Each structure stands twice: as C-alpha cells, then as structure tokens.
Amino acid sequence: MKMTLGNFCDFVPSRIWWRGEEYYSSDAIISIEESLSGEWRAVVEGTYDYNVRIVTDGDEILEWECDCPYDGGDICKHVVAVVMAIRNIKTDDSENGLLKKPRSINGAKAAKWSETVTGISEPRENLTFTELLSNASADELRRVIMEYSLKNDGIKNCLIDFFKRNAVREEGMVSYVEQVREIFSNAYSVNGHRSRYREPEVDWGDICFGMDAIFEEAECMLKKGNVHEVWMVVMAFFEGLADIADAECSYEVNDLCGRAGELLIEALRTGEIDCKMALSKLEDVTKSLAYEEYGLYEVDELLARVRGFALSPEEALEYLETLLASRRTPYELDCYVLQKVELLRRLGRDSEAEDTMDRYICLEAVREMRLEELLDAERFDDALKLADDGIALAGREMFSDSAVKWMEKKLEIFERLGDVESSIDVCRCLFIVERGSMEYYYRLKKMVAASDFSHFLKDMISETHSIIYGGHSKIADIYLEEKDYDSLFSFLSSAESYRLGLLKNYARRLPSSFSKDLLALFVEDLRLYAKNNVGRNHYIYIARIMSDMKKLSGGAEISSALAEEFRQTYHRRPAMLDELRGI
C-alpha cells in the first residue's frame, strides 16, 4: 500500500498523529518551502528548532526525515505537522480556512495561504486556531468533521480512537496527565525469570525515559500558554513518584524532580495558577515518607520557592529569614539567599538586596549571581576580583570543578575585554587542569601565533598529566591533530600503563615507517599480558590485538610467529589455543 498525503495518518500511531496536529495547529511550523520539485523542507519549533525533509511524487510520499532525537518509531510529530502543511498547501480546499498557515512560507505555493473567507468580519488567515474554533458554529464543525471523515478513513479512525479513549483534553490538547499516570502504573517489572522468590521491581529506566519525553512536551506547552496542563502534569509526576519510590531510586529521578520543580515555578510565574492552592497540594503530596526517607529531592527548597508566590512579600521575607536562621550548610543556604535577593529586588529594595549578597558572598551561587550583575554592568575589574576570590576559595576547599568554573568565568571576562595575552594564560591553565582538553587546545590554537604554537604546545603538554581511558588519550589525539607522529610514537612507547590499549587504537594511524617499532611494542606487551592474565575473555582480547597487528606493515608474519610461540608456551590452556586458531 502506497503512502500518500491522503492516507498518511493510516501509517502513524494515533498518539503521534494528535501531537503532530497539535504542533501544526499551534503555529509550530516556522518555515516551509518546496526547494525542488516534490522536495519539501521545513523548520518546526519544539524544544529546539528541528529540520524536516519530505519528498513527494504527486500525492505519494516517497521519503521523510527529521533531525529530532525521537526514537519511538519511524515517524515523529514534526513530520506529521509538515505533511499536514504540505497537504493543505496542495489542496484546492484551502479556502475553508480551518487550518493555520506556517509563520513563513516560501516557494510558488505560498499564494494559496493568502486566501480569505467571507462570512466573518476578519480574514480567517489572521485568526489563531482557538479563535477559528470559537467563530465556528457547531453545525460547521460537524460538517467539516463529517466531510473529512468520509474522504479519508484514516481521519475517521483517529476520531473514533479519540472519542473511545474519552481522555480529558484542554483546548484540543492531548491529556498528558493520563500518560504520566500510565507510566507509573506500568513501572513494575520482574528482572530475570519469574518465581515466588522474586518480587516485582520498579523499572526506573522506563520511568525516566517516559517522563523525559513528557517534560519535553510540557516545556513546549508552557511556551504556548497551556499553563494549567503543565501544572497538572507536574503534580501527577510528584504523586506517582510518591506512590512507588524505593531505596533504588536513581540519580536520574532526582534530575526529573528538579525539572518538574522548575516547570512548576515557571507556571506559577505566569500568575494563572492559584499559588495558595498549589502550595497546599504540593505540601500534601510531599508529606509522603518517600521524599524524606529516600532523599528523592530537596522538597523543602521547592516548598520555600512556592511559598514565595503564595505569601505576601513581607510574609515571604519573614519566612525566608526563619529558614536562613535554621540552616547551616552552604547547600541549604544557597537557595534561600537567592530567593531573598530576588524578592527584595521585586520590592525595589535594592540596597537591602546588595547587603544580603555581600553578607553571603562566600556562597558560590551568590557569588555567581553577583558576578553576572557585575558583567552586565561592565564592571570588569570587580568581576575579575570576584572570580579570583572564587578560584582561591575553591583551592582551599579542594573543589577542583568549582575552580575550573571560576577560571572559565575569568577567561570569559578577558575575552570580552579583548585581552589576548591574559586569555592565553588562563586557557593554558585550564588545559593543564583539565588534563589535555581538546576544547582549550582549539581555542589556544586560534589565539597563539602559528609560528610559536609548536613550542608553546610542547611546553604545555610537558606540564599536563594525561589520563588514559578506554585506550584513548587526549594528548595522543592532539598529536594526531598536529600530525606530530614522532611525538605520538614517543608518547605511546613511554606510556607506563594501559599501553596495549593505546597501541590498539593509535598504531594504525601512524605512518608505515613506524610499523617495525610498533610491532616490537605489541610483542613485548602481549607477552606480559598473556603471562599475567588467565581466562577466555583475556584470550579473546589477545586474539583481537594480534588481528590488529596483521594490519601493520610486516605484522602478519610477526603476529603468526607470536601466536605459535603462545601455543608452545601455553599448551595447557585449551581456551587460549581455541581463540588463537584463526591467527
């Protein structure tokens, strides 16, 4: 059966169809054009802007692709939205005005979107989808539904599926709340075989995967003003988590909690949610022992932020002062200090906000906020001093990640000032601290004069302690990038640990003039490895290394000779003899 513009929805799961229709009708198609005859290219707004390409032959759909990360099937909602746009650009029925046009349309078909409809005071092309529905009578809606259902069985089947499910919807949107509840209700699985001794376990991986997709949709809904739906999704998540939480909760669940919390705060900021009701509901849900016993999430922190919306400004300030007086660790203080500063700013009490920040400037989050304010005000000298203080404090407390963050801030300041020499110094330090980061290598290569870079790089690498992970090294990668094969071979031959893995990954990338010396290193390391390791997995690894040796100039003979040596030396290891059979 050929896929056409008319029967396209027969090939799409109803859930994806409805989401695509939602994207199309809510003006998510930024642009669309027929770049070649039958080849359509569009940009669709989602969490990011996604590029969609569809190839048609008349009404037949030949190819489609989208660069979104969706992996739940062949066709994503962005492709559905673009097919709807193509279908309504091509059809002669576009004058019914029931579907919205993309924000910009290029190509010869654009004129069809400019047609207007008589019978209402304003051209329908200027109305939103919601306004179109509001202007349409019940008879019009029934007539259109009946007309398109008779023309297309796919649309009819989607409508039947929609009404059968009887889901709660707002403004034509899918009820994601039901999907959240379904995710948690289907969360249990039994690992391995079933028996009376094995209890069902929560599959946190499935929960994280499902909720990640739902939260992506919620972020889009928030941008489009569907605040109440977002609020319901967030509360359904917190309720579902409270019911099934256990001691095996993963770090990813904590990340989801943080994402849900931020969605809730953004929803409250719109003013469309009753803040006192939200606070009461959240307090009830988070009283569950799960949030306290398993440390799922910093619930107190979220509750404090919600109270900031629910209480009067003076009450909120008094509440925050109480929290600040009872907290002692920097992690506990960070959130409440930032809330207090934000609240004082909203009230126009800037001097008190400044005093609060100065009082708690030792807290990293407060220092970051202060630094951003200084940068916005272009007070670069003060910003540099603050960054230096952060580096010094991180050094005293042995927080290397924090030191890197403040050094990056310092680099940003120097780059904004156009101070190339200072930028090079800081970037060089970051390269050394990060043990050979390719990012800083590329940045330094742009800043350091080409005539000086080779000597500069050599000195910098000599001060850098390289990490070897999985047979790879950033320093080795840099030597390859520079085509400095002598230095790369020297690095490989002098490696004190994991040299065999390095040889496996980098030997073939050196010129053939190095093959003889590389093969000598392989033989030396394989002899030691075979002597110290027993077991089939180790023998499989040895056989793979020998296969790689064969790809070097003269490697076939040396590999075969070494395999024969091992057969003689380790003739009492039948598993090794078995794995070396093909060498």
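What counts and what doesn't
- Residues take numbers from 1 onward in each chain, read along the sequence in its written order.
- Residue-level local features of this predicted model are given only where pLDDT is at least 70; pairs of side-chain atoms are given and counted only at 80 or more, and the full residue set underlies all totals for whole chains, interfaces and linings.
- The side-chain quantities take in all heavy atoms of the structure and omit both hydrogens and water.
- Aromatic contacts are taken between Phe, Tyr and Trp rings whose centres are within 6.5 Å, Trp giving its six-membered ring; a plane angle under 30 degrees counts as stacked, one over 60 as edge-to-face, and the others as tilted.
- Numbered from the N terminus, helices here are DSSP runs of H or I no shorter than four residues, and strands are runs of E no shorter than two.
- Relative accessibility thresholds used throughout: buried, under 20% of the residue-type maximum; exposed, over 50%; partly exposed, between the two (1.4 Å probe, protein chains only).
- Whether two residues are in contact is decided by their heavy atoms: any pair within 4.5 Å suffices.
- DSSP bridges decide pairing: two strands pair if at least two such bridges lie between them.
- Any Lys or Arg side-chain nitrogen found within 4 Å of a carboxyl oxygen on Asp or Glu counts as a salt bridge.
- Think of a nonpolar core as a cluster: buried Ala, Val, Leu, Ile, Met, Phe, Trp, Tyr and Cys residues, connected wherever their side-chain atoms sit within 4.5 Å.
- Under this scheme, a helix contributes an axis fitted over its contacting stretch, all axes are lines through C-alpha atoms, and angles between N-to-C directions fall in the 0 to 180 degree range.
- Angular relationships are summarised with four words: roughly parallel below 35 degrees, roughly antiparallel beyond 145, roughly perpendicular across 65 to 115, and oblique for the angles in between.
- Crossings are sorted by hand: turned counterclockwise from the far helix by less than a right angle, the near helix makes the crossing left-handed, and turned clockwise it makes it right-handed.
- Think of it as three bins: nonpolar holds Ala, Val, Leu, Ile, Met, Phe, Trp, Tyr, Cys and Pro, charged holds Asp, Glu, Lys and Arg, and polar takes everything else, Gly as well.

All told, the structure shown has 11 aromatic pairs when counted by the stated rule. Aromatic side chains F453 and F456 sit 6.3 Å apart centroid to centroid with 25° between the ring planes, which places their arrangement in the stacked category. Here F453 and its partner F456 are both found in helix α21 (residues 450–462), 3 residues apart, which amounts to about one turn of the helix. For the pair F453 and F456, one class covers both residues: buried. Look at F566 and Y570: their rings are 5.7 Å apart centre to centre, the planes differ by 75°, and that puts the pair in the edge-to-face class.

Moving on, we come to helix α24 (residues 499–506). For α24, the buried fraction is high: 6 of the 8 residues fall into the buried class. Considered for burial, the residues of α24 that qualify are R499, L500, G501, L502, L503 and Y506. Considering only its buried residues, α24 is in contact with β8 (468–469), β9 (472–473), α22 (474–482), α23 (485–494), α25 (515–532) and α26 (536–549).

Attention now goes to the pairing of strand β4 (residues 60–66). Of the strand pairs in this sheet, strand β3 (residues 49–57) and β4 are connected by 6 bridges, and their pairing is antiparallel. Across the sheet, residue V55 finds its bridge partner in β4, namely E63. Following β3, the chain reverses through 2 residues before pairing antiparallel with β4; G58 in that reversal takes a positive phi of roughly 70°.

So, about the pattern of salt bridges. Tallying each qualifying case throughout the model produces 41 salt bridges. One salt bridge in this structure joins E39 and R41, with 3.4 Å as the shortest N-O distance. Take E39: its relative accessible area is 11%, and that puts it in the buried class. Between E354 and R345 there is a salt bridge, and its shortest N-O distance comes to 3.5 Å. According to the relative accessible area criterion, R345 is partly exposed, its value standing at 26%. In this structure, a network of salt bridges that share partners links the residues E39, R41, R53, E63 and E65.

This part is about the nonpolar core. If you look at the biggest cluster of nonpolar residues, it comprises 68 residues, and the most contacted ones within it are F431, L492, L518, L526, I542, M546 and F566. By residue number, the principal contributor to this core is α25, which donates 7 residues. Leave out the neighbours within four places in its chain, and M546 touches L526, S559, L562, A563, F566, L580 and I583. Counting residues in hydrophobic clusters, the runner-up holds 46 residues, among them F184, A218, V253 and V285.

Positioned with a positive phi, E378 is a non-glycine residue whose angle comes to about 60°. Looking at the secondary structure, you find E378 in the loop between α16 (364–376) and α17 (380–396).

This part is about the packing of helix α6 (residues 176–185) against helix α8 (residues 227–244). Direction vectors running N to C along α6 and α8 enclose 15°, while the axes themselves pass 9 Å from each other. Considering their axes alone, α6 and α8 lie roughly parallel with respect to each other. Considering only the axes of α6 and α8, their crossing is right-handed. Contact with α6, carried on its side by Y176, V177, V180 and F184, involves E229, M232, V233, A236, F237, G240, L241 and I244 of α8 and no other residues of that element. For the contact of α6 with α8, the class distribution of residues is 10 nonpolar, 1 polar and 1 charged.

The next thing to look at is the side chain of K77. In this fold, K77 is placed in helix α2 (residues 77–90). Filtering out sequence-adjacent residues up to four positions away, K77 remains in contact with I16, R19, G20, Y23, E216 and E217.

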